Amino acid sequence: PPHQLSSWREAVTLITARSVDLGIAIQEVERARGNARQALALALPTISSSGSISQQLLTAAPTPGVESAANPALQWQLAVSQPIFAPQAWYGIKTADMQVTSAMLSVADKKRTVLTGVVNSIVSVVVAERVAEINRASLRSAHSHLSLIRRQANLGTATRLDVLRVEQDVTVTRSTLVSGDESL
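Everything numeric here is computed off the predicted structure, so don't read it as measured data. (Residues numbered from 1 in each chain as written. Predicted model: local features only at pLDDT ≥ 70, side-chain atom pairs only at ≥ 80, totals over all residues. Heavy atoms only, no water.)

### Some remarks on the side chain of Asn135
Rules: Counting from the N terminus, the helices are DSSP H or I runs at least four residues long and the strands are E runs at least two residues long. Buried means the residue's accessible area, taken with a 1.4 Å probe over protein chains only, is under 20% of the maximum for its type, while exposed means over 50%, and partly exposed covers the values in between. Every residue pair with non-hydrogen atoms within 4.5 Å of one another is taken to be in contact.
Looking at where Asn135 falls in the secondary structure, it is placed in helix 3 (residues 87–155). Relative accessible area serves as the criterion here: at 11%, Asn135 is assigned to the buried category. With near-sequence residues (within four places) excluded, Asn135 lies in contact with Thr173, Thr176, Leu177 and Gly180.

This is the structure we're talking about:
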């Protein structure tokens, strides 16, 4: 194979990094956290400020003996409002927190699903390797049995039918080996 895994952690890391479902679940957690912050904003105080400056550019001619002030006028307002009783905002905050928890549980579920898939894949590969080894040993055994039966047939203690049966066993074992290797 082009890439061989050397450890269990490497397999989990590789699959976790490539899992689209897990990536989507993690992004859902971030979206739920954003919604929670928006819900919290409805219960926080609101501060607003406004200001203006005005100066009279055209003035009437000053009367003799009276000094007129040409100073600019400045106005500034600051308003703070805090909702005291906001059951809708409180409900929204609690709901948003529950959505964050739900999204985090969904991430944990996706991680378990990915882990289960990795375990199943690794176990199936290990089992296929063992089956292939067993098939090779079985083929070696069938070939040695065939050579033994042929010697017995040459010496006259076995019949041609015995040789045909063992040859058929070797053919079946060889096809099982090929199918096991393909499966691996």
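### A short note on the pairing of strand 2 (residues 73–81)
Our working rule: Strands were regarded as paired on the criterion that DSSP finds at least two bridges between them.
The element strand 2 is barely covered by neighbouring structure, given that only 0 of its 9 residues are classed as buried. Pairing analysis gives 9 bridges linking strand 1 (residues 46–54) to strand 2, with the strands arranged antiparallel. Within the sheet, the bridge partner assigned to Thr46 lies in strand 2 and is Ser81.

### Here's the deal with the pattern of salt bridges
Our working rule: The salt bridge definition used is simple: a Lys or Arg side-chain nitrogen within 4 Å of an Asp or Glu carboxyl oxygen.
Considering all chains together, one arrives at 6 salt bridges under this definition. In this structure, the salt-bridge partner of Asp109 is Arg112, at a minimum N-O distance of 3.9 Å. Highlighted residues: Asp109 and Arg112, both in helix 3, separated by 3 residues, approximately one helical turn. With a relative accessible area of 38%, Asp109 lands in the partly exposed category. The shortest N-O distance in the salt bridge between Asp181 and Arg136 comes to 3.0 Å.

### A closer look at the packing of helix 3 against helix 4 (residues 160–183)
The test is simple: Lines fitted to the C-alpha atoms define the axes, with helices restricted to the stretch that makes contact. Angles between their N-to-C directions range from 0 to 180 degrees. The labels follow the angle: roughly parallel below 35 degrees, roughly antiparallel above 145, roughly perpendicular from 65 to 115, and oblique for the rest. Helix crossings get a hand from a simple test, with the near helix turned counterclockwise from the far one by less than a right angle marking a left-handed crossing and a clockwise turn marking a right-handed one. Residues were grouped as follows: Ala, Val, Leu, Ile, Met, Phe, Trp, Tyr, Cys and Pro as nonpolar; Asp, Glu, Lys and Arg as charged; and all remaining residues, including Gly, as polar.
Packing of helix 3 against helix 4 brings their axes to within 9 Å, and their N-to-C directions diverge by 165°. As judged from the angle between their axes, helix 3 and helix 4 are roughly antiparallel. As for how helix 3 packs across helix 4, the hand of that crossing is left-handed. Across the interface between the two elements, Ala132, Asn135, Arg136, Ser138, Leu139, Ala142, His143, His145, Leu146, Ile149, Arg150 and Ala153 from helix 3 touch Asp162, Val163, Val166, Glu167, Val170, Thr173, Arg174, Thr176, Leu177, Gly180 and Asp181 from helix 4. Split by residue class, the contact of helix 3 with helix 4 holds 10 nonpolar, 7 polar and 6 charged.

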